[in-house]
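Chain by chain, the residues:
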Amino acid sequence: MDRFSTTTLLPETFQGTSDDVTEQIGVIWQQMKAPVIVPLLRLSVFLCLVMSVMLLAEKVYMAIVIVLVKLFGRAPHKRYRFEPISDDLELGNSAYPMVLIQIPMYNEREVYQLSIGAACGLSWPSDRIIIQVLDDSTDPVIMDLVQFECDRWASKGINMKYEIRDNRNGYKAGALKEGMKHGYVKDCDYVVIFDADFQPEPDFLWRTIPFLVHNPEIGLVQARWKFVNADECLMTRMQEMSLDYHFTVEQEVGSSTYAFFGFNGTAGVWRISALNEAGGWKDRTTVEDMDLAVRASLKGWKFVFLGDIRVKNELPSTLKAYRYQQHRWSCGPANLFRKMFKEIARNKKVNLWKKIHVIYSFFFVRKIVAHIVTFVFYCVVIPTTVLVPEVQIPKWGAVYIPSMITVLNAVGTPRSLHLLVFWILFENVMSLHRTKATFIGLLEAGRVNEWVVTEKLGDALKTKTAAKATKKPRFRIGERLHLLELGTGAYLFFCGCYDLAFGNNHYFIYLFLQALAFFTVGVGFVGTIVPHT
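The rules behind each value
Residues numbered from 1 in each chain as written. Predicted model: local features only at pLDDT ≥ 70, side-chain atom pairs only at ≥ 80, totals over all residues. Heavy atoms only, no water. UniProt positions renumbered as here; feature names shortened; annotations may be inferred. Helix = DSSP H or I, 4+ residues; strand = E, 2+ residues; numbered from the N terminus. Core = buried A, V, L, I, M, F, W, Y, C linked by side-chain atoms within 4.5 Å. Buried < 20%, exposed > 50% of the residue type's maximum accessible area, 1.4 Å probe, protein only. Contact = heavy atoms within 4.5 Å.

Going by what an unreviewed UniProt entry lists, the protein is known as glucomannan 4-beta-mannosyltransferase and is assigned to Carex littledalei. The Subcellular location (unreviewed entry) field of the UniProt record for the protein holds the comment "Golgi apparatus membrane". UniProt's Sequence similarities (unreviewed entry) comment on the protein is quoted here verbatim: "Belongs to the glycosyltransferase 2 family. Plant cellulose synthase-like A subfamily."

Draft legend 1. Region of interest: the UniProt feature "transmembrane region" (unreviewed entry) in the protein. In the numbering used here, UniProt assigns the feature "transmembrane region" (unreviewed entry) to residues 43-72, 368-388, 400-426, 481-501 and 507-530. A helix fraction of 95% and a strand fraction of 0% characterise residues 368-388, whose end C-alpha atoms lie 28 Å from each other. Between the C-alpha atoms that bound residues 481-501 the distance is 30 Å, and the span itself is 90% helix and 0% strand.

Draft legend 2. Focus on the UniProt feature "domain: Glycosyltransferase 2-like" (unreviewed entry) in the protein. As recorded in UniProt, the sites labelled "domain: Glycosyltransferase 2-like" (unreviewed entry) are residues 190-381. Secondary structure content for residues 190-381 is 57% helix and 16% strand, and the end C-alpha separation is 50 Å.

Draft legend 3. Expanded view of the nonpolar core. Ranked by internal contacts, the top residues of the largest apolar core, which has 145 residues, are I101, I116, F204, L205, W270 and V294. Top element by residues in this core is helix α12 (residues 352-387). It accounts for 18 residues. Counting residues in each nonpolar core, the second largest holds seven residues, with V65, Y245, V249 and V253 among its members.

Draft legend 4. Region of interest: unusual backbone geometry. In this structure, N107 takes a positive phi of about 50° despite not being glycine. Tracing the backbone shows N107 in the loop between β1 (99-105) and α4 (112-120). Even without being a glycine, Y171 presents a positive backbone phi close to 50°. Within the secondary structure layout, Y171 lies in helix α6 (residues 171-179). Y171 gets classed as partly exposed once you look at its relative accessible area, which sits at 32%.

Draft legend 5. Quick peek at α4. Counting buried residues along α4, seven of its nine residues qualify, which places the element largely inside the surrounding structure. Taken residue by residue, α4 has Y112, S115, I116, G117, A118, A119 and C120 as its buried positions. Taken together, the buried residues of α4 touch β1, β2 (129-135), α5 (140-154) and β3 (160-164).

Written out as structure tokens, the structure reads:
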């Protein structure tokens, strides 16, 4: 049968060559398999199992903390003093602290009106609030639109400051740092940061500022995000599941135990003295918010997470925007860990347990191990064991631990439990880029400081879709095809076929589904497709 297949598919002149090459590949594979491939694969399995246990232990620990917080009612209002700020007949409005609102933006044509309007709608004495728009836009048309919007609100009596600079050094961190240098900021006690797509409710300041006023040890109050476009497509639903877990579990646990968590970069209120004591904004990584939070925590400042305050914002709904965002969010923490490890370990202002929490739990397990084990174990090691049956993975490592981790992750978004399988497959695909970005950050390689602003569509999608309703969108192959995903998908599909033909552990069911997920992302058939103009 083999001879028949060869002679049928290849001309006679190539038959000998084909048989020779196949035979040589088989010989090389057999010679390398026992002394090299099997030991390396066994080592990989062992390391992945260790990392899986570490990740599971972290998830279980956080789940226990959340249960205890709920049972014993350790809400922020009970852990810290909270009293509404009341009027003082003698002091008047001067009894209220001076608050600075910073809105950094860059070519935000679609959402600038939303964020500026929401900030101007905040309830607070008008002479005790300054709204500062930090416009780094490079498009003069958009700059004119933003400035016109600021002037419009200023004409209504809002204390509005429109600030620009002649370069984009430091990107967002650079803009925020420059914004703090203006003379009028010296009179401010607190600074609130909102990204260009964030829309706080009018009572935001009334619900956050009192924590800082009555508790001098608190340096940061962080609110939760609420996603206005979570139902736009399946990809945004997957993001909602991941981010809801981050807020409802990770941030809550950090706030309730060590009074430390990563600042989310927006929808948060900083005590300006804490910000200054920590050294202000630095642009040495792409996670300037996390950098500031770690430095402030090492100075002894406490953080509070308020999960009942939700600020509306937009999730990236195009695959391109989401990939850039995930690169920044994965590369930055790994690079910051590399830069701050010694500083954290040598710090004498915080106790040993908090240092262990920051180094091991916050950075190592959640920001490094989680990304690496997801891709290496589930997309490389498990498929490879199909080709090397001498290496076996225990069922508890291949099935039980992943299942438990998945269930614990799903508690953040109960409404999406029916999408759990899609979420698993999608997260495994995205782990390819997160792992790559993590190693770039650890090694400080090429794209370590790459900063691409996450594209916000606002109502642009509806407008473009309506305008293009009668036209067929142009297909740009270079933008839609992703070779890394396609290559990984092909490898998983090959391993699935091999397992179906020769294996007996039924991995092929998972491998075919995961390959399909990689192929789907590889051809760009994920997220919102915005018609080209």
